[in-house]
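Chain by chain, the residues run as shown.
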Amino acid sequence: MPNRNPQTQRVFLVVVDQSPELKVALRFACRRARHSGGRVAMLYVTEPAEGVEWMGVGDLMREERRQEAETKLAELAHHVHEMSGETPMLYVREGEPREALLALLEEEPAISILVLAAGTGRAGPGPLIAALSGKYSTRLRVPLTIVPGGLSDADIDAIT
């Protein structure tokens, strides 16, 4: 039986965005968590309300973005629970995605693996993967698992 001790439980972090590859990263993380007695964590990074002259408007924009993030995470949390058997850890941060991600990894020692799915288009694997596997790789304190974004559910099931 997989280890369910929260102190030694693997936590697979997935960054939530609008990319089609999100589904691939989540499924991979959920299946790995289920088979290893681990848990999934999700990070949603909202954009800061910049260029707003009135503080009240900026606060309203910030609150709307946070609500959008919480709604999206709640939707995904239901699916993650079904796939992994555990309630996911949820994080909402404001700022630039790379910096927010690196800050979360520094703050949360429970996170043990970062799972990202590579883009399938001509633009390359995606800005987070490019940065974290290149210039910012020395700032990662956990392994980075890059899942090919074009994998089908059956492909993921076969390798997990």
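Everything numeric in this text was worked out from a predicted model, so none of it was measured.

Visitor: Pulling in residues and values, what's your account of the overall build of the protein chain?
Guide: Tallying secondary structure elements over the protein chain gives five helices and five strands in all. For the protein chain, the C-alpha atoms occupy an extent of roughly 55 × 35 × 30 Å along the three principal directions. For the protein chain, buried positions account for 40% of its 160 residues. Partitioning the contacts of the protein chain with sequence separation of at least 6, the portion at a separation of at least 24 is 76%. Accessible area for the protein chain stands at about 8,900 Å²; split by element, carbon and sulfur atoms hold 53% of it.

Visitor: Outline the sheet that holds strand β3 (residues 89–94), listing residues and values.
Guide: As summarised here, the arrangement of the five strands in space is β3-β2-β1-β4-β5, forming an open sheet in which the pairing is parallel. The open sheet terminates on both sides in strands that have one partner only, identified here as β3 and β5 (144–148). Each adjacent strand pair in this sheet contributes to an overall mean axis angle of 30°, direction not counted. Strands β1 (11–16), β2 (39–46), β4 (113–118) and β5 of the sheet are contacted by helix α1 (residues 22–36), whose axis makes an angle of about 170° with β1.

Visitor: Can you explain the nonpolar core? Please cite residues and give values.
Guide: Counting residues in each nonpolar core, the largest one holds 25 residues, and the members touching the most others are Val14, Val16, Leu26, Val40, Met42 and Val115. At the level of elements, β1, α1, β2, α2 (55–84) and β4 are the ones that each hand at least two residues to this core. Considering every element that reaches this core, the biggest residue donor is α1, with eight residues. Discounting residues that sit within four places of it in the chain, Val115 has contacts with Phe12, Leu13, Val14, Val15, Ala25, Phe28, Ala29, Thr145 and Val147. In terms of nonpolar packing, the next biggest core, distinct from the first, is built from 24 residues, Val11, Leu13, Tyr91 and Leu140 among them.

Visitor: Describe the pairing of β1, with residues and values.
Guide: Most of β1 is tucked away: six of the six residues are buried. Where β1 and β2 come together, six bridges link them in parallel fashion. Paired with Val15 across the strands is Leu43, a residue of β2. Taken together, β1, α1 and β2 form a β-α-β motif whose crossover is right-handed. Strand direction decides the pairing type here: β1 and β4, joined by three bridges, are parallel. Bridge pairing in β4 places Phe12 opposite Ile113.

Each value, and the rule that gives it
- Counting restarts for each chain, with residues numbered from 1 along the sequence as it is written.
- Where local features are concerned, this predicted model is filtered to residues with pLDDT of at least 70; where side-chain atom pairs are given and counted, the filter is 80 or more; whole-chain, interface and lining totals use all residues.
- Side-chain descriptors were evaluated using all non-hydrogen atoms of the structure, hydrogens and water having been removed beforehand.
- Counting from the N terminus, the helices are DSSP H or I runs at least four residues long and the strands are E runs at least two residues long.
- Categorising residues by exposure relies on relative accessible area from a 1.4 Å probe, with only protein chains included: less than 20% of the type maximum marks a residue as buried, more than 50% marks it as exposed, and the intermediate range marks it as partly exposed.
- Note on contacts: a residue pair is in contact if any heavy atoms of the two residues lie within 4.5 Å.
- To be clear on the numbers: accessible area is Shrake-Rupley with a 1.4 Å probe, and residue cover counts the displayed protein chains and nothing else.
- DSSP bridges decide pairing: two strands pair if at least two such bridges lie between them.
- Each axis is a line fitted through C-alpha atoms, and for a helix only the stretch in contact is used; angles between axes span 0 to 180 degrees, taken between their N-to-C directions.
- Here, nonpolar core means buried Ala, Val, Leu, Ile, Met, Phe, Trp, Tyr and Cys residues that are tied together by side-chain atoms lying within 4.5 Å of each other.
- With strands facing away from the observer, any crossover in which the path from the first strand over the helix to the second runs clockwise is taken as right-handed.

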